[in-house]
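The lines below spell out each chain.
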4 protein chains.
Amino acid sequence: MAKVLSYGMVGGGPGSFIGVAHRKAIALSGKANLVAGCFSSKMEKSLKTADELGIAADRTYSDFAEMAKAEAGKLDFVVIATPNNTHYACCKAFIEQGINVMCEKPLCFGIDEAEELVALSKEKNVVFGVMYGYSGNAMTKFAKQLIAEGQIGEIVNVNAEYAQEWLIDQLDPEQSATVKMSVWRTDPKVSGISNCVGDIGTHIENTVAYVTGLHPKRVAARVDYYGQPLDLNANILVEFNNGVSGNFWCSQVATSHRNGLALRIYGTKGMLEWHEENCEYLTFCKKGEAPRIMARNCGYVYGRAAEVARIPSGHPEGFYEMFANIYDSFTSCITKKAAGEELTAADLDFPKAEDGMLGVKYLHAVIESGKNDSKWVEVK
Amino acid sequence: MAKVLSYGMVGGGPGSFIGVAHRKAIALSGKANLVAGCFSSKMEKSLKTADELGIAADRTYSDFAEMAKAEAGKLDFVVIATPNNTHYACCKAFIEQGINVMCEKPLCFGIDEAEELVALSKEKNVVFGVMYGYSGNAMTKFAKQLIAEGQIGEIVNVNAEYAQEWLIDQLDPEQSATVKMSVWRTDPKVSGISNCVGDIGTHIENTVAYVTGLHPKRVAARVDYYGQPLDLNANILVEFNNGVSGNFWCSQVATSHRNGLALRIYGTKGMLEWHEENCEYLTFCKKGEAPRIMARNCGYVYGRAAEVARIPSGHPEGFYEMFANIYDSFTSCITKKAAGEELTAADLDFPKAEDGMLGVKYLHAVIESGKNDSKWVEVK
Amino acid sequence: MAKVLSYGMVGGGPGSFIGVAHRKAIALSGKANLVAGCFSSKMEKSLKTADELGIAADRTYSDFAEMAKAEAGKLDFVVIATPNNTHYACCKAFIEQGINVMCEKPLCFGIDEAEELVALSKEKNVVFGVMYGYSGNAMTKFAKQLIAEGQIGEIVNVNAEYAQEWLIDQLDPEQSATVKMSVWRTDPKVSGISNCVGDIGTHIENTVAYVTGLHPKRVAARVDYYGQPLDLNANILVEFNNGVSGNFWCSQVATSHRNGLALRIYGTKGMLEWHEENCEYLTFCKKGEAPRIMARNCGYVYGRAAEVARIPSGHPEGFYEMFANIYDSFTSCITKKAAGEELTAADLDFPKAEDGMLGVKYLHAVIESGKNDSKWVEVK
Amino acid sequence: MAKVLSYGMVGGGPGSFIGVAHRKAIALSGKANLVAGCFSSKMEKSLKTADELGIAADRTYSDFAEMAKAEAGKLDFVVIATPNNTHYACCKAFIEQGINVMCEKPLCFGIDEAEELVALSKEKNVVFGVMYGYSGNAMTKFAKQLIAEGQIGEIVNVNAEYAQEWLIDQLDPEQSATVKMSVWRTDPKVSGISNCVGDIGTHIENTVAYVTGLHPKRVAARVDYYGQPLDLNANILVEFNNGVSGNFWCSQVATSHRNGLALRIYGTKGMLEWHEENCEYLTFCKKGEAPRIMARNCGYVYGRAAEVARIPSGHPEGFYEMFANIYDSFTSCITKKAAGEELTAADLDFPKAEDGMLGVKYLHAVIESGKNDSKWVEVK
């Protein structure tokens, strides 16, 4: 019934996690088929993945620029799932061909690059998403809804964090296999000016912005390197654009946390709390009442949070569903735009290149503050 | 690379939850494509679903018997996702054509029917699964592993329950829309001799059996009908085949529970606890130590539990992944069997018709005990 | 200002836990001073404890019968904190002298004894309490209040349990020091016909009765001895006096539980859940709403639960406070009765000998059912 | 047997919470009797409390200076439980008479005052405690033990917070009764330069110092006043004396938190987490293992944490027990010092005036940083 779109992918070859996640999520969403790919810069590897996925050899590439040219007019969108240092060039190549793009975060390294990509995407009129996945979760959507309705009143403080344990062995002289696996993340050539803040810290900024509508106006950060070339931990004071205070903490050396993105939003009339590791629940406490543990797709959940529910409450949804929800909106946006139909709020409920650009700006401000003895730095 | 199988579906038409779940799980598993279906007994509805799914009209049916004959030799397997009263006939029709079957639970109504289907499947040499989904979860697999290794010693008591709230309005004279939706579940013609024990109580029996290897030898049950034609609640004393005691509770009138399947297994050396609503975690407490909250795909998880992990720990997997894990094994079993390859434990790690037969026997014993003032009834 | 009462104690000598708990709780309550005691049947030990507590030697005894006679008219009440086999004789001795009594549970061994003690206490017009401590907790009081108000509607099922791990080593041939410590509990001469059901199973019955007003009409029990002289585990089907069903589980071989008394009460309009190990919280879920985690002494708590609060919410109260709350009521009852003042509901908010008698009857029914292949046995 | 000490109290008159807490805790500890008091600056009120407590009228005062002189040589110690602005003068008056002191925190307003009091106490050779109660908890003691043993390796980040909700109505133009009750806390004349950081923020600093041995070397704070004369919220970057980073957050406008003191200490080999609101538990996660939920007085708990246990695990201890544990050490220290006996680590396991002085210095640094656009300020 609904038109099934065609998409290509750059990255996502053998051993990739995030490329697979995008493909599985698109399959779950069910609105697009993979038809072309540059899965690796080595043709042999790219063909191997293509074969596994049933992609024709003549639509398999080892050079993304070549792919962009060859596939112009044939793809509804492309997914960029490569290491960070190639995002800018990849995005640019496909946007220039007028191909809609969903890029893994971070959007790119430099603020100039980000601004250029956003401007170019407008010029070329392409739909340009950046995969901040947590905004795809039903309960972050419900938190957004409740805040927009004024259910927690005016926000007075925001606490948010993203803690992981997986790089703890970098602090150990006898480094483990885990660390070797992560070499590219901790290599400035591939990861840019930041590891921890860039990889997970920006998720804090984006998810808080999605849920609250607040953006960091300036930051005062203490960034820890522990003798490594890139950061592994950061404690950050935040002043939001409305003057409200917050603190953000991100860490890759925090034992016990796997993907510990957690938000606590305090307002004059109540508070909301959400944890990715238990993403089916949202704690909502109204002033003067007991905290309520709200669960996805229960009868008291409504709005976008209810719309995106796939299965009954108590049968858990997880990470793939977050991505799939984002692809539902992204592909609907592409389809309706192509058909000249009016876009609804649901069609636009996906993270965009502008959000990615804010992430890059935020990241630069944090790292700069860290290098300047935690002085406040404006997020331009 | 790996051969992609072809499958058909009976049921799963407009408004279906469970049919969709099977299709999404198979897509996530990625080992089979849907090519034929009898999605409804009304051709118009069946065609509508077929169209949405891209199934050719000439492989779309409104009569499962006709489909079984027409598709003989063309399908690697069929999924039966119809209401309970049709399972027996559907399974029989496809098995007779030598088509492998995955049937939703309960397998069928009568013990005779169950024994007949199992016997027939052996005669016809088909792979015959029954979808008890919770055995597909990584942490039930890890619980099974730890118990098999003797980590909790000899089992001394088993507490298990499956509580839901969704039929609470059946106790209210002014019944809500929820109740109307559930009419078929509470109609003996469609659901058989039981509603609550059949729909969710059998999941307790099966999941406990999967994890512990223990089967109820006899049961003494108090079954509550609250004036309705079928049961809505049951408290059950269990004596397992090794003489150990347990208690099972199932309810559809238990406010706050959505899909509250929960197991607590106590042994001479430790205990294990798992909840479907938080299915990423397994509590393991060794005698004399503090309880540990184990999480899916962490480094300390191994065996089948590690094999089935799809995404990193902390990025939640959920209900679809359980089904997908079962389909991974089921399709691998079919593929290797067809190729004459040896089957591994992983290939056989899916619930089988024999398990479904045990479920039917358990169900009959519970209902009979309930009707005989909670006298012990043997599970034959 | 308020009259400070004088009390004596039987038991509570060197090494005692429960005698100390009574003394500390009375100190916390602040309404009575200890002035006499028979702390041990060995005078030397009794004097040692007396000395530590500042009790005069001429009010220290090694024979409770002698104490009862000598202290007649001098004590406002006596606390019986001896092993179970002496409760009957101790209570009788003091009641006969017209001395008010607070006895540790169980009240006594036999049903006849219990009935005799209750009758005697009425004849002698003494205030006669039995220390079921959990009814002293603020949140069980709030649960009682909410149920009495109809907030969860008509009760449809009750799940309750009391699980401990401390006798797990009794299942191990190489028994540990823990087991030796517990010898009297597992000795029929001292503990009577039951260990586990008597020691902790009766707390389930009493706490459920306090909170819901429901009493077991009959029970069908599977009682596990694991080769020991007294029971260590029991799974119990319950039919309450209003026909509602429930299941009770008690165990002393359940690893991970220390004093795991837990109640879940399901009604037509909501549910309530309380755990002693986290006794500051009460989960309340109204039908159609999200569960609320209510905490002691928050603004939304009222009635007796609010009256008994000693310190602000979030600064935890615990076990001693439960006992102290019971002593607040018990001593107020004694004081007002002596003054001929009218007794309020608060004055009477302590467990009484009649409750202890019900506990003895319940215990006998459970053990009898266990010995008769789980047949239903009436609680007379 | 053990000598029972005599103590006096300043403060703790009608309506007091903290004075009562000290008295109840001392009663629970059982090592000292209250014999004198200046419970209010109004003689009538002071006498009313004295009468309720059984204190003789001739040892009841309305002027603490008079009391100090009159009671010199008669008291083993005095408890100062007055509003903050009188601590300095009270402490000084009693120390000058050579009377041992336990003062509520904060010790005093000014850094000079704190230094003077500490110096004076040394000159007069008095035992001088400051009641930071959380160090009295068994599980903070066990955290301290595990860290001292190196169980979590070198500390890499410290997250700690103390959140309350009770002043949220100060943000509301229509202020509630709660706010009126709290007037003195928010009045600079009584509370000094800070409300929130002084009242609860210093508990973070002290509890972290107790557990980890780390002290803030400098702080960069964002302090929120929301238009009020004193602070209600603060986000604080911390650099500890060993160079490690941390973040502290304190708030009195954080809905859902009652006394939400929480610590998370991350090290190279593991992490520890403790929450006052669930003070019986300590989460301990070793690198590469699953988190363990440790509970007070279980067999695996040892050292001071085991020594201070009063009742079995699972029967909760709470706030009073923390204070009582501190008084156990404080009184033992006084008794042994008077007897010329050697002091053990247990005798010295209570917070001292030096800790109070550090709290005052910390507080001043935070408030100063907040007034200087979050610049780093040294904690002198």
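Throughout this document, residue positions are counted from 1 along each chain, in the order its sequence is written. Working convention: letters from A go to chains and numbers from 1 go to ligands, in the order in which they are written. The model is predicted, so local features are restricted to residues of pLDDT at least 70 and side-chain atom pairs to those at 80 or more, both for listing and for counting; the totals for chains, interfaces and linings are taken over all residues. Only hydrogens and water are set aside; all other atoms, that is, all heavy atoms of the structure, feed into the side-chain values.

1. Thoughts on the overall build of chain A
Helix and strand labels come from DSSP, where a helix needs a run of H or I of at least four residues and a strand needs a run of E of at least two; each type is numbered from the N terminus. Across its full length, chain A holds twelve helices and 14 strands. Relative to the globule expectation of 21 Å for 380 residues, the C-alpha radius of gyration of chain A, 20 Å, shows essentially globular dimensions. The dimensions of chain A, computed from C-alpha atoms along their principal axes, are 65 × 55 × 40 Å. Exposure categories follow from relative accessible area, calculated using a 1.4 Å probe and restricted to protein chains: below 20% of the type maximum is buried, above 50% is exposed, and the middle band is partly exposed. Looking at chain A as a whole, 63% of its 380 residues qualify as buried. Long-range pairs, those at least 24 residues apart, make up 67% of the contacts in chain A with a sequence separation of at least 6. Under the convention used here, a 1.4 Å probe and the Shrake-Rupley method define accessible areas, while residue burial counts only the protein chains that appear. Of the roughly 12,800 Å² that chain A leaves accessible, carbon and sulfur atoms contribute 51%. Counted as positive: Lys and Arg. Counted as negative: Asp and Glu. His and the chain ends are not counted at all. Note on charges: their place is set at NZ of Lys, CZ of Arg, CG of Asp or CD of Glu. One way to put it: in chain A the 38 positive side-chain charges average out to a point 2 Å from where the 46 negative ones average out. The globule rule used for comparison is 2.2 Å times the number of residues to the exponent 0.38, while the radius of gyration itself is calculated over C-alpha atoms. Contact definition: two residues touch when any of their heavy atoms are within 4.5 Å.

2. A few points about the pairing of strand β3 (residues 77–81) of chain A
All names here are of chain A. Within β3, five of the five residues are buried, which leaves it mostly tucked inside the rest of the structure. What you see with β3 is no split at all: Phe77, Val79 and Ala81 on one side and Val78 and Ile80 on the other are buried throughout. The rule for pairing is simple: two strands pair if DSSP sees at least two bridges between them. Of the strand pairs in this sheet, β3 and strand β4 (residues 100–104) are connected by four bridges, and their pairing is parallel. Looking across to β4, one finds that valine 79 is bridged to methionine 102.

3. What about the sheet that holds strand β1 (residues 5–11) of chain B?
Sheet strands pair by backbone hydrogen bonding; their relative direction is either parallel or antiparallel. Residues and elements named next belong to chain B. Spatially, the five strands line up as an open sheet ordered β2-β1-β3-β4-β5, and their pairing is parallel. Across the chains shown, the open sheet's two edge strands, defined by having one partner strand only, are β2 (32–38) and β5 (128–131). Between one strand axis and the next, the sheet turns through 25 degrees on average, direction left out of account. Axis definition: a line fitted to C-alpha atoms, limited for helices to the stretch in contact. Angles are taken between N-to-C directions and run from 0 to 180 degrees.

4. So, the packing of aromatic side chains
All names here are of chain D. Between rings of Phe, Tyr and Trp, where Trp is taken as its six-membered ring, a pair exists when centres lie within 6.5 Å; planes separated by under 30 degrees are stacked, by over 60 edge-to-face, and by other angles tilted. Within this structure, the stated rule accounts for 48 aromatic pairs over all chains. Consider the rings of tyrosine 7 and phenylalanine 77, whose centres lie 5.1 Å apart with planes at 5 degrees: the pair is stacked. Linking tyrosine 7 in strand β1 (residues 5–11) with phenylalanine 77 in strand β3 (residues 77–81), this pair joins segments that are 70 residues apart in sequence. Across the pair, exposure class does not vary: tyrosine 7 and phenylalanine 77 are buried alike.

5. Here we look at the interface of chain C and chain B
Opposite the 43 residues of chain C that make contact, chain B presents 43 residues. Carbon and sulfur atoms supply 51% of the area that chain C and chain B bury against each other, a total of about 3,200 Å² over both sides. Buried area adds together the accessible area that both of two parts lose upon being put together, with accessible area traced by a 1.4 Å probe. Among the residues chain C hides against chain B, the three largest losses belong to Arg222(C), Leu237(C) and Thr255(C). Together they make up 19% of the total. Any carboxyl oxygen of Asp or Glu within 4 Å of a side-chain nitrogen of Lys or Arg constitutes a salt bridge here. For the pair chain C and chain B, the interface holds eight salt bridges.

6. Focus: the sheet that holds strand β4 (residues 100–104) of chain D
All names here are of chain D. Overall, parallel pairing links the five strands, which are arranged β2-β1-β3-β4-β5 in an open sheet. Looking along the sheet, the strands with just one partner apiece sit at the ends: β2 (32–38) and β5 (128–131). Taking each pair of neighbouring strands and ignoring which way they run, the sheet shows an average axis angle of 25 degrees. Where β1 lies against β2, six bridges are found, and the strand directions are parallel. Opposite methionine 9, over in β2, you have glycine 37 as the bridge partner. Against the sheet, helix α11 (residues 319–339) engages β1, β3, β4 and β5, with an angle of about 160 degrees to β4.

7. Structural notes on the pattern of salt bridges
Overall, the coordinates contain 88 salt bridges over all chains when judged by the stated rule. Close ionic contact of Glu161(C) with Arg264(B) constitutes a salt bridge, the shortest N to O distance being 2.6 Å. Here Arg264(B) lies in strand β10 (residues 260–267) and Glu161(C) lies in strand β6 (residues 155–163), a pairing that spans two chains. As a salt-bridge pair, Asp349(D) and Arg304(D) come within 2.8 Å of each other at their nearest N and O atoms. Linking Asp349(D) in the loop between α11 and α12 (353–371) with Arg304(D) in helix α10 (residues 304–307), this pair joins segments that are 45 residues apart in sequence. In this structure, Asp349(D) and Arg304(D) share a single accessibility class: buried. One network of salt bridges, in which partners are shared, links Lys217(A), Arg218(A), Glu239(A), Arg222(D) and Asp373(D).

8. Describing the relation of the copies chain C and chain B
For the least-squares superposition of copies, only C-alpha atoms count, and only for residues with pLDDT at least 70 in both. Superposition record for chain C on chain B: RMSD 0.0 Å, screw rotation 180 degrees, translation along axis 0.0 Å. Accordingly, the operation relating the two chain copies is best matched by a two-fold axis. Most of the interface of chain C is mirrored in chain B, where 100% of its interface residues again form contacts.

9. Looking at the state of the cysteines
Residues and elements named next belong to chain D. We call a pair of cysteine sulfur atoms a disulfide when they lie within 2.5 Å. Scanning the entire structure with this criterion turns up zero disulfides over all chains. The thiol of cysteine 250 is not disulfide-bonded; the next cysteine sulfur, from cysteine 196, is found 3.8 Å away. For cysteine 250, a relative accessible area of 0% corresponds to the buried category.

10. A closer look at the interface of chain A and chain D
Listed as interface residues are 43 residues of chain A and, on the opposing side, 43 residues of chain D. Interface area, chain A with chain D, both sides summed: about 3,200 Å², of which 51% is carbon and sulfur. Across the chain A-chain D interface, the total number found is eight salt bridges. Between Lys287(D) and Asp169(A) there is a salt bridge, and its shortest N-O distance comes to 2.7 Å. Definition of a polar contact: a pair of N or O atoms within 3.5 Å, with one able to donate and the other able to accept a hydrogen when the atoms are protein atoms, and with sequence-neighbouring residues admitted only if both atoms are side-chain atoms. Counting the contacts that link chain A with chain D gives 28 residue pairs in polar contact (both at pLDDT 80 or more). At the level of secondary structure, the elements contributing two or more residues to the side of chain A that touches chain D comprise β6 (155–163), β7 (216–224), β8 (233–240), β9 (245–251), β10 (260–267), β11 (270–275) and β12 (281–286) of chain A. At six residues, the largest contribution of residues to the side of chain A that touches chain D is made by β8(A).

11. Things to note about helix α5 (residues 111–123) of chain B
Residues and elements named next belong to chain B. Between its terminal C-alpha atoms α5 stretches 18 Å, which fits the 18 Å expected from 13 residues at 1.5 Å a residue. Within α5, the full set of buried residues consists of Ala114, Leu117, Val118, Leu120 and Ser121. Taken around the axis of α5, the buried residues stretch over an arc of 165 degrees, which confines them to a single face. For α5, exposure combined with an orientation more than 90 degrees from the buried face picks out Asp112, Lys122 and Glu123. How far a helix is expected to stretch is found by multiplying one less than its residue total by 1.5 Å. The reported arc concerns the directions from the helix axis to the C-beta atoms and nothing else.

12. Here's the deal with α12(D)
Since one α-helical turn is 3.6 residues long, residues separated by three or four positions face the same way. All names here are of chain D. Here α12 contains 19 residues, and its C-alpha end-to-end distance of 27 Å stays within 8% of the 27 Å for a straight helix at 1.5 Å per residue. Among the residues of α12, those classed as buried are Ala353, Gly356, Met357, Gly359, Val360, Lys361, Tyr362, Leu363, Ala365, Val366, Ile367 and Ser369. One or two steps after α12, the chain reaches aspartate 373, where phi turns positive at roughly 55 degrees.

13. A look at the packing of helix α1 (residues 18–29) of chain A against helix α1 (residues 18–29) of chain B
Where α1(A) contacts α1(B), the axes come no closer than 9 Å and their chain directions differ by 155 degrees. Classified by the angle their axes make, α1(A) and α1(B) are roughly antiparallel. The handedness of the crossing between α1(A) and α1(B) comes out as right-handed. Listed contacts from α1(B) to Lys24(A), Ala27(A), Leu28(A) and Ser29(A) of α1(A) are Lys24(B), Ala27(B), Leu28(B) and Ser29(B). Under this grouping Gly is polar, as are all residues other than the nonpolar Ala, Val, Leu, Ile, Met, Phe, Trp, Tyr, Cys and Pro and the charged Asp, Glu, Lys and Arg. Looking at the contact of α1(A) with α1(B) residue by residue, the classes come out as four nonpolar, two polar and two charged. An angle below 35 degrees is read as roughly parallel, one above 145 as roughly antiparallel, one from 65 to 115 as roughly perpendicular, and any other as oblique. The hand of a helix crossing depends on one turn: near helix anticlockwise from the far one by less than a right angle means left-handed, and clockwise means right-handed.

14. Quick look at the confidence of the model for chain A
As a per-residue quantity, pLDDT reports the predictor's confidence and falls between 0 and 100. Residue-level pLDDT values for chain A average 95, and 96% of them are 70 or greater. Note on the complex model: pTM 0.96, ipTM 0.95.

15. A closer look at the environment of Val101(D)
Residues and elements named next belong to chain D. In this structure, valine 101 sits in strand β4. For the pair formed by valine 101 and lysine 269, sequence separation is 168 residues and the distance between their alpha carbons is 40 Å. Non-local contacts of valine 101, meaning those with residues more than four positions away in its chain, are made with Val78, Ile80, Cys91, Phe94, Ile95, Val127, Phe128, Gly129 and Phe330.

16. Some points on unusual backbone geometry
Look at the link from Lys105(B) to Pro106(B): it is a cis peptide, with omega at -5 degrees. Within the element layout of this structure, Pro106(B) appears in the loop between β4 (100–104) and α5. Of note, the phi angle at Ser374(B) is positive, near 65 degrees, even though the residue is not glycine. Among the structural elements, Ser374(B) can be located in the loop between α12 (353–371) and β14 (377–378). We note that Asn125(C) has phi near 60 degrees; this positive angle belongs to a residue other than glycine. Summarising the element assignment, Asn125(C) is placed in the loop between α5 (111–124) and β5 (128–131).

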